[in-house]
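Descriptive structure summary
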Amino acid sequence: MRQILFRLIGILEVAGGFYGMARVLPRLLEFGPLRTAAIGLIELALYVFVLVAGVLLIENSERGIRLSSVAQLLQLPLVATSIFSYAFHCGGFVNLYTTLHIPTHPDIGWHFGSEGFILQFAGPALAHVGINLLALLSWLILKLR
């Protein structure tokens, strides 16, 4: 059972990393502001990291387990404030989030077969925070030894 779950996590990482790289590379080749290129390079590095971690995990490598654990931790937080925003997912997400406004409105959103990255130093007027439950579950499964 452990091997099946590890392979499933690895497949999601490989697919999400590959799809993310394919989406980011054309944008990096365009001429634009340096800030956009710097964030694009960070995004590309994260997708390459997740792709490599997924390949190593599918090969049942001990290094793959460690790298995939880090990859899942990178996908865990969701932060969107007027000052700073960060979110990252590869392969899919099940996000549990709430607004930081009274009254709070907890909500859940999900999507599989996707990738996404947000890193901004400005964000929405209505702040919200959350956690990627799929990344948390994957990280816990990777801790099974």
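One can find the structure itself at the top, above this paragraph.
Two elements in contact, helix α3 (residues 62–74) and helix α4 (residues 133–142), have axes whose closest approach is 9 Å; the angle formed by their N-to-C orientations is 155°. By the angle class used here, α3 and α4 are roughly antiparallel. The element α3 and its partner α4 pack so that their crossing is left-handed. Side by side, α3 and α4 meet where I65, S68, S69, Q72 and L73 of the first sit next to L134, A135, S138, W139 and L142 of the second. Of the residues belonging to the contact of α3 with α4, the class tally is 6 nonpolar, 4 polar and no charged.

Before going further, it helps to examine the packing of helix α1 (residues 2–29) against α4. Angle between the axes and distance between the axes: these two values describe a pair of packed helices. Where α1 meets α4, the closest approach of the two axes is 10 Å, and the angle between their N-to-C directions is 135°. Here α1 is positioned oblique relative to α4, judged by the angle of their axes. For the element pair α1 and α4, the recorded crossing hand is left-handed. Seen from α1, the contacting residues are L5, F6 and I9; seen from α4, they are S138, I141 and L142. Within the contact of α1 with α4, the residues separate by chemical class into 5 nonpolar, 1 polar and no charged.

Take the nonpolar core next. Among the nonpolar cores identified, the biggest contains 14 residues, and M21, Y47, V50, Y86, F88, C90 and F117 are the most heavily contacted of them. Counting only elements with at least two residues in this core, the list comes to α1, α2 (34–58), β2 (85–99) and β3 (107–120). For this core, the leading source of residues is α2, giving 6 residues. In contact with C90, other than residues within four places in its own chain, are L12, G16, G17, Y47, V50, Q75, S114 and E115.

What counts as what
- Residues numbered from 1 in each chain as written.
- Predicted model: local features only at pLDDT ≥ 70, side-chain atom pairs only at ≥ 80, totals over all residues.
- Heavy atoms only, no water.
- Axes fitted to C-alpha atoms, helices over the stretch in contact; angles between N-to-C directions.
- Helix = DSSP H or I, 4+ residues; strand = E, 2+ residues; numbered from the N terminus.
- Parallel < 35°, antiparallel > 145°, perpendicular 65-115°, else oblique.
- Left-handed = near helix turned anticlockwise from the far one by under 90°.
- Contact = heavy atoms within 4.5 Å.
- Nonpolar A, V, L, I, M, F, W, Y, C, P; charged D, E, K, R; others polar.
- Core = buried A, V, L, I, M, F, W, Y, C linked by side-chain atoms within 4.5 Å.
- Buried < 20%, exposed > 50% of the residue type's maximum accessible area, 1.4 Å probe, protein only.

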